[in-house]
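# Structure at a glance
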Amino acid sequence: MKLRHLLWMAALAAVAGCGGGGGDDAASRNEERAARAAKLAYEGEILAWRDQRLASLKRPDGWLSLVGLHWLTPGSTYVGTAQDNGTRLAVGPAQIGMLTLARDGSATLKLHPGVETEVMIDGVAPEPEALVPLVSDAQGAPTVVSFNKGDASFVLIKRADRHALRVRNAFAPTRMRFPGIEYFDINPDMRIVARFEAHPPGKTVEIVNMLGMVEPMPNPGTLSFEKDGKSFRMEAVDEGDGRLFFTFADRTSGHETYSASRMVYADPAGPDGTTVLDFNKAYNPPCAYTPYSTCPMPLPENRLDLRVEAGEKKPLPFPE
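What counts and what doesn't
- Residues numbered from 1 in each chain as written.
- Predicted model: local features only at pLDDT ≥ 70, side-chain atom pairs only at ≥ 80, totals over all residues.
- Heavy atoms only, no water.
- Helix = DSSP H or I, 4+ residues; strand = E, 2+ residues; numbered from the N terminus.
- Buried < 20%, exposed > 50% of the residue type's maximum accessible area, 1.4 Å probe, protein only.
- Contact = heavy atoms within 4.5 Å.
- Phe/Tyr/Trp six-rings, centres within 6.5 Å; stacked < 30°, edge-to-face > 60°.
- Lys NZ or Arg CZ within 6 Å of the ring centre and 35° of its normal.
- Polar contact = N/O pair within 3.5 Å; in protein donor to acceptor, adjacent residues only side chain to side chain.
- Salt bridge = Lys/Arg side-chain N within 4 Å of Asp/Glu carboxyl O.
- Pairing = 2+ DSSP bridges.
- Axes fitted to C-alpha atoms, helices over the stretch in contact; angles between N-to-C directions.
- Core = buried A, V, L, I, M, F, W, Y, C linked by side-chain atoms within 4.5 Å.

## Topic: the side chain of T252
With respect to the helices and strands, the residue T252 is situated in the loop between strand 16 (244-248) and strand 17 (262-266). By relative accessible area, T252 is classed as buried at 0%. Once residues within four sequence positions are removed from consideration, T252 is found in contact with F184, T257, R262, R307, V308 and E309.

Next comes the structure, spelled out in structure tokens:
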């Protein structure tokens, strides 16, 4: 457990364990202690979320490990690091094999002779010169073709009507030299109770990504809230896990925070029709840290005339 969490727990225990006298003074002290305990508990929750966020970002197969994004056209292309490959990777064996993408989006990888000693398919050693079906991320968990003793890999992704190979390397400079994340101070006022209003079942919304591609996404409804005397309404997207997902921009975008957008999740609304939209858990999209991602852009409704002074700030510069 992180040292700061231990200190937070000790402080919380000290607040909870304080004694009190009697009468109105005691009641007032109890209320103060309860408020302080709630504040410490909330700050501990946000610190734990930040630690989890950083750990996820820095995973060997996380966003910081991306080293390539190779767009494919229907047909066949040789894949590997050698110069004569049609799809030349930044890492891995000289020749991995011939990738064939059909017009219906199905794909296969015919392994190069002898490369079966250097690659794994979903963690399993393949047969010599095997013909490997490649499942894209649009079909579920994508097929992982790994090499360099598992430290590097590629998967097939689909964005709009196009396919690409996304390549990872656990020793990418973006991961090995990552300077960390800078945050606004924890701001309880940016933990907002918002009201959910459902759209008709099956409604979708067109999301434009950083490359100008358009994809329809499930659009379950909106969250409405009041802040600084103004009313706001944000359109939610469901990425498939039932949570409400928002890509947004605000008055800090391009100043204190990443210019394109930030992102935040909210749990599904409860029986009373409300949920918590906590901007202290707002985070930068992957494209803030790597050029090899395809981040969604905010919908017009999610461009807020509000300074969201909470969550992640713009990326820190890499050390020289």
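From this point, the narrative continues.
## Topic: the packing of aromatic side chains
Overall, the coordinates contain 7 aromatic pairs when judged by the stated rule. Taking the centre distance of 5.2 Å and the plane angle of 70° together, the rings of F248 and F279 count as edge-to-face. Here the residue F248 occupies a position in strand 16, and F279 occupies one in the segment after strand 18 (274-278), the gap between them amounting to 31 residues. For F248, a relative accessible area of 0% gives the class buried. Between the aromatic rings of Y265 and Y283, the centroid separation amounts to 6.5 Å while the plane-to-plane angle is 15°, which identifies the pairing as stacked. With Y265 in strand 17 and Y283 in the segment after strand 18, this pair connects stretches of sequence that are 18 residues apart. Classification of Y283 by relative accessible area gives buried; the value is 13%. Taken together, F225, F232, F248 and F279 form an aromatic cluster joined through their ring pairs. Seen from the ring of Y183, R50 lies directly overhead, with NZ or CZ sitting 4.1 Å from the centre. A cation sits over an aromatic face here: R243 above Y265, 3.7 Å from the ring centre.

## What to know about the environment of N85
Looking at the secondary structure, you find N85 in the loop between strand 2 (75-80) and strand 3 (87-88). Residue N85 is classed as buried on the basis of its relative accessible area, which comes to 8%. Sequence separation between N85 and V144 is 59 residues; the distance between their C-alpha atoms is 20 Å. Beyond its immediate stretch of four places on either side in the chain, N85 contacts Y78, V79, G80, A94 and Q95. Side-chain polar atoms of N85 contact the backbone oxygen of A82, separated by 2.9 Å. A distance of 2.9 Å separates a polar atom in the side chain of N85 from the backbone oxygen of A94.

## Side note on the pattern of salt bridges
The full count for this structure, using the stated rule, is 12 salt bridges. A salt bridge links D250 to R262, with the shortest nitrogen-to-oxygen separation between them at 3.1 Å. Of the two residues, D250 is situated in the loop between strand 16 and strand 17 and R262 in strand 17; the sequence distance between them amounts to 12 residues. No difference in accessibility class separates D250 from R262, as the two residues are buried.

## Observations regarding the sheet that holds strand 15 (residues 230-235)
What the 4 strands build is an open sheet, ordered 15-14-11-18; its pairing is antiparallel. Edge strands, defined here as strands with exactly one partner in the open sheet, are strand 15 and strand 18. Here the strands of the sheet are splayed against their neighbours by 35° on average, with no regard to which way each runs. Relative to strand 18, strand 11 (residues 191-198) is paired through 5 bridges, and the arrangement is antiparallel. What sits directly across from R195, in strand 18, is T274.

## A few points about the pairing of strand 17
Across the 5 residues that make up strand 17, a large majority, 4, are buried. Bridging between strand 16 and strand 17 involves 5 bridges; their strand directions are antiparallel. Considered in strand 17, the bridge of L244 is made with A266.

## Overview of the sheet that holds strand 5 (residues 107-111)
Spatially, 5 strands are ordered 3-2-4-5-7 in an open sheet, and the strand pairing comes out mixed. The sheet is open, and its two borders are formed by strand 3 and strand 7 (131-134), each paired with just one other strand. Here strand 2 pairs with strand 4 (residues 97-101) via 5 bridges, running antiparallel. The residue of strand 4 that forms the bridge with T77 is L99.

## Examining the nonpolar core
One finds I96, L99, L109, L111, L134, F147 and F154 to be the most contacted residues of the largest nonpolar core, which totals 25 residues. Elements represented by at least two residues in this core include exactly strand 1 (66-72), strand 4, strand 5, strand 7, strand 8 (145-147), strand 9 (152-159) and strand 10 (162-169). Grouped together as the second largest cluster of nonpolar side chains are 20 residues, A236, L277, A282 and A310 included.

## Concerning unusual backbone geometry
Phi angles above zero are rare outside glycine, and D122 is one such case at about 50°. Its place among the elements puts D122 in the loop between strand 6 (120-121) and strand 7. The exposure class assigned to D122 is partly exposed, which follows from its relative accessible area of 48%. In this model, K149 sits at a positive phi of 60°, which is unusual for a non-glycine residue. You can see K149 is positioned in the loop between strand 8 and strand 9.

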